[in-house]
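Per-entry structural report
Below, each chain spelled out in residue letters.
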Amino acid sequence: MSFAAYKMMHWPTGIENCASGFISHSQADFVPPIPPIQTDDLDSDWHSSRREIGPIPNLVVSAANVLEVYVVRVQEEDSRGSRASGESRRGGLMDGLSGVSLELVCHYRLHGNIETLAVLSAGGGDGSRRRDSIILTFQDAKISILEFDDSIHGLRTSSMHCFEGPQWLHLKRGRESFARGPRVKVDPQGRCAGVLVYDLQMIMLKTAQVGSGLVGDEDASGSGVAVSARIESSYIINLRDLGMKHIKDFVFAHGYIEPVMVILHEEELTWAGRVSWKHHTCKISALSISTTLKQQPLIWSANSLPHDAYKLLAVPSPIGGVLVISANTIHYHSQSTSCSLALNSYAVSVDSSQELPRSAFSVELDAANATWLSSDVVLLSTKTGELLLLTLVFDGRVVQRIDLSKSKASVLTSGITTIGSSLFFLGSRLGDSLLVQFTCGSGATVLSSSLKDEVGDIEGDAPTAKRLRRSSSDVLQDMASGEELSLYGSTTNNTESTQKSFSFAVRDSLINVGPLKDFSYGLRINADANATGTAKQSNYELVCCSGYGKNGSLCVLRQSIRPEMITEVELQGCKGIWTVYHKSTRSHNADSSKNGTADDEYHAYLIISMEARTMVLETADLLTEVTESVDYYVQGRTIGAGNLFGRRRVVQIYERGARILDGSFMTQDLNLGAANAESGSGSEGVTVMSVSIADPYVVLKMTDGSIRLLIGDPSSCTVSVSTPAAFESSKKLVSACTLYHDNGPEPWLRKTSTDAWLSTGVDEAIDGALQGDIYCVVCYESGSLEIFDVPSFTCVFSLDKFVSGSTPLFDTLVQEQSKDPQKEVNKSSEVTGQGRKENVQNMKVVELAMQRWSGQHSRPFLFGILSDGTILCYHAYLFEGQESTSKIEDSNSALNSSGLSNTGASRLRNLRFVRVPLDAYAREETSDGMPCQRISIFKNIAGYQGLFLSGSRPAWFMVFRERLRIHPQLCDGSIAAFTVLHNVNCNHGFIYVTSQGNLKICQLPSITSYDNYWPLQKIPLKGTPHQVTYFAEKNLYPLIVSVPVHKPLNQVLSSLVDQEVGHQFENHNLSADDLHRTYAVEEFEVRILEPVKSGGPWLTNATIPMQSSENALTVRVVTLFNATTKENETLLAIGTAYVQGEDVAARGRVLLYSIGKSSDNSQTLVSEVYSKELKGAISALASLQGHLLIASGPKIILHKWTGTELNGIAFYDVPPLYVVSLNIVKNFILLGDVHKSIYFLSWKEQGAQLSLLAKDFGSLDCFATEFLIDGSTLSLAVSDDQKNVQIFYYAPKMSESWKGQKLLSRAEFHVGAHVTKFLRLQMLSTSSTGTTAGSSDKTNRFALLFGTLDGSLGCVAPLDELTFRRLQSLQKKLVDAVQHVAGLNPRSFRQFRSNGKAHRPGPDSIVDCELLCHYEMLPLEEQLEIANQIGTTRLQILSNLNDLSLGTSFL
């Protein structure tokens, strides 16, 4: 492996930062504007008793380098809302809301990890039109401010501030490494923001005043376009000059005329051994910040705060002041008053004389997160996941005391934020993040059922089947009865004597699979033993240890969907399948009363089109062929079929005609061949190529590139053929067309037209409810796209170059006004110039689809498949430009005079489309065979909606929260046809036909959650998983789990004594009640789990407990050669260590277990074969050519297995400290040390000796190691604590390797996440496609799949030199060609980070696919230009990227 590619396959999910603010809408837009709803509609049933929800801000979350902005959608309780959602909502009813959900606004993957984020508020009170901005900080000292830009429907960088590099070196004061990255806090009124960098330098960002925006914005401010908060300038305050040394936290206080920053800092450090003498070392100082004078006078301060204070909370107005949170106490300080609260018995006051007021229960608050629910109540989330409520009891502005009360338990959080007045969000790295609604009432309003305190956590795991469908698994917040939690804080306040109670309801959750500590690769239950090639990969799944403590779970990840098959029939030569409904007339009248059941109606017929005939099957209880007895056209192939007139008729389109059928009887037959007979004899060969149906219209595309429209008449249920007027005279050839039915709770496209305010009047209630508008989207051979109104066929939207795939798309009329004509001329000449370089002139759209799925706020998606296999996906949005109306009238009249448009047409001028990246999908090279329709849209398959893409790389596109999730389906190879099926035996399932000629009727696996980068099943463990391994013979997963157990203190202390020396445990300094206190100790066990049935729960077959204070460190399945019986045995080996404190010498045990099945194959029998105690912790085990290699303490020992005992036969005194990971290939050993990098050893059978071949002389804190095999070359990969990956190689003949003692660097790369495990998997050969003949000789090529603590998965895959050089030069071009979010440089992000240690830079031999994937998102012209500049072709680059994603589709 000389060259490699780094590719992310599953992006981070562990949320580190969360904040809320008005990003994509302002407070004045009472309902979020995507799309706006008439407010009178909302107020109609708004009772005075119900609490006002008010404007709800956006939620901004970040996970490692992923930034997402969500909008909160609220579902009121009324008939309309419940019907539109059509699903069970979580959390019941509260405050008049039946459901709250998160919907994605935008999602970005940045070239840098977000350290902290904050929302810069735009100031202004309620009803303000200004918007907030997002401040992001990045490692060392980079700050970017992003704002939402409506015109591109995404974030745009408004300013960047960087304090790194040579001219800012003095800020570091000679230090190289810093414990924490930059931290940002914002003034509550949005006047300034502060960023603490390099632990001592405070960067003040001064915000621009309204109206004094950046250059070029003067025109925007007056025209009603939203203005976001911006930063005007920045300057640095050196806090050391103000006498502060160790800054712990800072915050901006409320209620001052100028911004006031309160800083928590420690004057002199103390440490654990001196706490009894020196304990109150912290201090807070309040500085008044004058951004204009750049002065910061001290206005007040408070001394003698506990040494473990770590967090400040600014108390909102009208109270003001700050709360100081420390591990054992909480203090309130303001300019005038102060008070405190002790949380446990370790709290001491400054002079030990006066007694602190104590809370009613004991709790430790280190590492807590907090947010304000109201101006006097804080919600605290502790390190154990408990929620506490802290109430300030105040009179006027004087706080009298602090009350703390317990609430429910919840997920372990990494951050909390309040969203609006009645929601908060718990962001978590260790479990799923939750959106919770709260309501605060006086004690009377709470349901009586909520008093069952013990059961009502915010995370019961007992799922009901219905909810399981809809939500993720480890937060199946099935709250006790009534799903309502309550909590009583006994606030006997002077002003309000009522008892405050809060009730919570979990409304939504975001799935997280991190932190991935370890994973193993095993067979799925429904694996197909006969599969070959890529299909074989979908037999496997990844079983990952994720989460911590009570959020611990086993995540089963599968990159591809494997449907559960009901039946399978052989069927050769199928070209297409369709299912149709048929309502018989008698049931039709009865059915109108209960039209809600339309979704549950069963299909009546299945139509199968072969090459030269058509089969018709009845889809009743059994599929029975009825081809002979029906009036369907069965003599030739069918092009399309569907329902018309509210499912009362079936329409069937064949090559030369169409039939209308009522059930099995034909009511009308149309011949299409002769419709154009008068235009000449050549039209005889014209047949139908593709069909699109939207009740009551059918549009047909003919082989000669013309269009026919079938118009249905609902009263007589008949159809007439017409050629649209717009196409009769035109010579433009149509390459693809589709009908779009704009239905939903309200028509959406209508809102984007110029006279939207006219059409949303009274008439909407009459016809809009029954049926939305219908549009026809057409693409021409030239690559342009037009949208027509049906049936009048007036053009309402047109685009010149849809093929090029630029973003955003908008109507050409808008374009002409905003751009000068000169540019347009240049652009067109550019394209023709490139036609010579590469043949793209025949690029055209071969298939179109436009669809808006259900959901109150959904917006349509537009899909186009190009002739080279590229798929363009666009999401529509509404943008009201700032042109004045006069311009519009001018352009309209100009158009009318030129005869382009008729006077009645209103253009969809405000309609725009933003391109959605599809890099999860591997494109396919389309063959020039008969084009079949590849897109099948489904509204309900097992409760999910989206589309299925058939072809040689089939994939599911599912829509969740207005976001596309793409999951490939590899298990059957190429798929020829697909359709949905809903009948008695197959409930909301589907049928597909593979190219090999099998028809399969399937359902989606139900327990899997698809709203994730990969489909996922979570198995809650209620403990922390540490390591998992796969026992292939029995399909079992042995797993190390630790569960915290509360033990009496004296029991814990006695275990810390060395048993051999005798009892020297005196409890002279512990009182009697101290000894009865409990202490949480992790107890370890090895569980042996077995997946029972596909998608079902997993069973724990056996549990192997460890002894007290013994930690299981490693579990492995080893194959040992039994020296007495001369046979191989497969055993389970466990390595442990006794953790007894620093006074006891370390020992550990090695345990061997045999696993068998009982005679009736029902139980798994686990029996201990051998156990032995050794010196040192046994941190790693592996089998080496039939022997057992054990790493015990600072040496490795090789043991021989006799069948009854292990005998050491060789040892080597390496590593110096502690083995982190151990890998074996043949007789080579690679081990990683916790501090001293990697060692490469070999084992020789002859002299029975282990010998060191080479090592890395640098110091490196290893996380994971693995061998990387590429053909005949062996490389060594290692990941470290600075989030890097390095690849070494052994070359004894090279002079710089010091005669082979030193491992040489082959590549280094910064991943940006802690890689905890590598797994070596053989790459799939892509040579079957025939495009890459060169790769077929390297069959022995392996890639490394890795998992990280952020919940991301990726791989490092070897490349051959030619591909590498091509992609590397492309990468250099893309650094400049792509607009990077937040202005981050991908090259600097991927530089090796050494954190101040000396490091000699290694070669740059890894290409970054995270940057290369932007190439496909560039407009076609730019793609061709860049390919031409680096001396290659676009097709060559795309096929290289495609081969890489195919070669690594392991799951």
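How each quantity is defined
- Every chain is numbered independently, its residues counted from 1 as its sequence is written.
- Under the rules for a predicted model, residues below a pLDDT of 70 receive no local features and side-chain atom pairs below 80 are neither given nor counted, while totals for whole chains, interfaces and linings still include all residues.
- Note that the side-chain values use all heavy atoms of the structure and ignore hydrogens as well as water.
- Starting at the N terminus, helices and strands are each numbered in turn, a helix being any DSSP run of H or I of at least four residues and a strand any DSSP run of E of at least two.
- Partly exposed residues are those whose accessible area sits between 20% and 50% of the maximum for their type, while under 20% is buried and over 50% is exposed, using a 1.4 Å probe and protein chains only.
- The contact criterion used is simple: two residues touch if any of their non-hydrogen atoms lie within 4.5 Å.
- All accessibility values rest on the Shrake-Rupley procedure with a 1.4 Å probe; residue burial counts only the protein chains present in the view.
- When DSSP locates at least two bridges between a pair of strands, those strands are taken to pair.
- Two rings belonging to Phe, Tyr or Trp (six-membered ring only in the last case) form a pair when the distance between their centres is within 6.5 Å. Interplanar angles under 30 degrees mark stacking, angles over 60 mark edge-to-face geometry, and anything in between is tilted.
- Should the NZ of a Lys or the CZ of an Arg lie within 6 Å of a ring centre and within 35 degrees of the ring normal, that charge is described as sitting over the ring.
- Polar contacts, as used here, are pairs of N or O atoms within 3.5 Å; protein pairs need one atom able to donate a hydrogen and one able to accept it. Residues neighboring in sequence count only if both atoms are side-chain atoms.
- Note on geometry: axes are lines fitted to C-alpha atoms, helical ones only across the stretch in contact, with angles between N-to-C directions running from 0 to 180 degrees.
- Here, the term nonpolar core denotes a set of buried Ala, Val, Leu, Ile, Met, Phe, Trp, Tyr and Cys residues that are joined through side-chain atoms within 4.5 Å.
- Orientation labels follow simple angle bins: below 35 degrees gives roughly parallel, above 145 gives roughly antiparallel, 65 to 115 gives roughly perpendicular, and whatever is left gives oblique.
- Polarity classes work like this: nonpolar for Ala, Val, Leu, Ile, Met, Phe, Trp, Tyr, Cys and Pro, charged for Asp, Glu, Lys and Arg, and polar for all others, with Gly in that last group.
- We define a salt bridge as a side-chain nitrogen of Lys or Arg found within 4 Å of a carboxyl oxygen belonging to Asp or Glu.

Details of the overall build of the protein
A tally of regular secondary structure across the protein gives 19 helices and 87 strands. Expressed as a percentage of the 1451 residues in the protein, the buried residues total 58%. In the protein, of all internal contacts separated by at least 6 residues, the share reaching a separation of at least 24 is 62%. Summed over all atoms, the accessible surface of the protein reaches about 58100 Å², with 51% contributed by carbon and sulfur.

Considering the sheet that holds strand β54 (residues 871-878)
The strands making up a sheet associate through backbone hydrogen bonding, with each pair oriented either parallel or antiparallel. Judged by pairing direction, the sheet is antiparallel, and its 5 strands sit side by side in the order β51-β55-β54-β53-β52 without closing on themselves. Two strands in the sheet have a free side with no partner beyond their single neighbour: β51 (809-810) and β52 (845-851). Both β51 and strand β55 (residues 911-915) contribute to a ladder of 2 bridges, which runs antiparallel. Along β55, the bridge assignment pairs Phe810 with Arg912.

Remarks on the packing of aromatic side chains
A complete count under the given rule lists 39 aromatic pairs for this structure. Ring geometry for Tyr521 against Tyr540: centres 4.8 Å apart, planes inclined by 10°, an arrangement best described as stacked. Here Tyr540 lies in strand β32 (residues 540-546) and Tyr521 lies in strand β31 (residues 516-523), a separation of 19 residues in the sequence. Judged by relative accessible area, which is 17%, Tyr521 ranks as buried. When the ring centre of Tyr581 is taken as origin, the NZ or CZ atom of Arg647, which lies over that ring, is 3.6 Å away.

A look at the environment of Gln437
Here Gln437 shows up in strand β28 (residues 433-442). The class of Gln437 is buried, set by a relative accessible area of 0%. Once the C-alpha coordinates of Gln437 and Asp508 are considered, the two residues, 71 residues apart in sequence, prove to be 9.4 Å apart. In terms of polar contacts, Gln437 uses its side chain to reach the side chain of Arg507, at 2.8 Å.

Comments concerning the side chain of Asp249
Tracing the chain through its elements places Asp249 in strand β14 (residues 246-253). Exposure remark for Asp249: the relative accessible area of 6% places this residue in the buried category. Engagement of the side chain of Asp249 in a polar contact is seen with the side chain of Lys185, the distance being 2.8 Å. Within the structure, the side chain of Asp249 is placed 2.9 Å from the backbone nitrogen of Leu312, a separation counted as a polar contact. If we skip the residues at most four places from it in the chain, Asp249 touches Arg183, Lys185, Val262, Ile263, Leu264, Tyr310, Lys311 and Leu312.

A look at unusual backbone geometry
The amide bond that connects Asp695 to the next residue, Pro696, takes the cis arrangement and shows omega of 0°. Positionally, Pro696 belongs in the loop between β43 (688-694) and β44 (697-702). Here the bond from Thr807 into Pro808 is cis, since omega is -10°, no more than 30 degrees from zero.

Focus: the side chain of Gln537
Here Gln537 is to be found in helix α5 (residues 533-537). With a relative accessible area of 10%, Gln537 lands in the buried category. Residues contacting Gln537, with those up to four places away along its chain left out, are Tyr521, Leu1324, Ser1449, Phe1450 and Leu1451.

Looking at the sheet that holds strand β38 (residues 623-625)
Spatially, 4 strands are ordered β35-β36-β37-β38 in an open sheet, and the strand pairing comes out antiparallel. Taken across any chain shown, the strands that pair with only one partner, and hence form the sheet edges, are β35 (574-580) and β38. Going from strand to strand, the sheet's axes swing by 25° on average, the running direction of each strand aside. Sheet topology note: the β35/strand β36 (residues 605-610) ladder contains 6 bridges and is antiparallel. Paired with Cys574 across the two strands is Met610, which belongs to β36.

Some thoughts on the nonpolar core
Ranked by internal contacts, the top residues of the largest apolar core, which has 65 residues, are Leu542, Leu1345, Leu1370, Leu1374 and Tyr1415. In terms of residue count, the dominant contributor to this core is strand β1 (residues 3-10) (6 residues). Not counting chain neighbours up to four residues away, the residues in contact with Leu1370 comprise Leu1412, Tyr1415, Ile1426, Ile1430 and Ile1437. Counting 29 residues, the second largest nonpolar core, distinct from the first, contains Tyr740, Cys779, Val796 and Val845.

Points about the packing of helix α18 (residues 1420-1429) against helix α19 (residues 1434-1447)
Each pair of packed helices gets described by two things: the angle between the helix axes and the distance between those axes. Relative orientation of the contacting elements α18 and α19 amounts to 95°, with a least axis distance of 8 Å. Accordingly, the angle class assigned to the pair α18 and α19 is roughly perpendicular. The segment α18 lies against α19, with Leu1420, Gln1423, Leu1424 and Ala1427 engaging Arg1434, Ile1437 and Leu1438. Residues of the contact of α18 with α19, tallied by class, amount to 5 nonpolar, 1 polar and 1 charged.

Examining the pattern of salt bridges
Tallied over the full model, the rule gives 52 salt bridges. With a shortest N-O distance of 3.6 Å, Asp199 and Arg175 are connected by a salt bridge. One end of the pair, Asp199, is in the loop between β11 (192-197) and β12 (201-207); the other, Arg175, is in the loop between β9 (154-162) and β10 (183-186), with 24 residues separating them in the sequence. The partner of Lys1047 in a salt bridge is Glu1083, with the nearest N and O atoms 3.0 Å apart. Placement of Lys1047 in strand β65 (residues 1037-1048) and of Glu1083 in strand β66 (residues 1078-1091) is noted, with a sequence separation of 36 residues between them. Take Lys1047: its relative accessible area is 16%, and that puts it in the buried class. According to the relative accessible area criterion, Glu1083 is partly exposed, its value standing at 31%.

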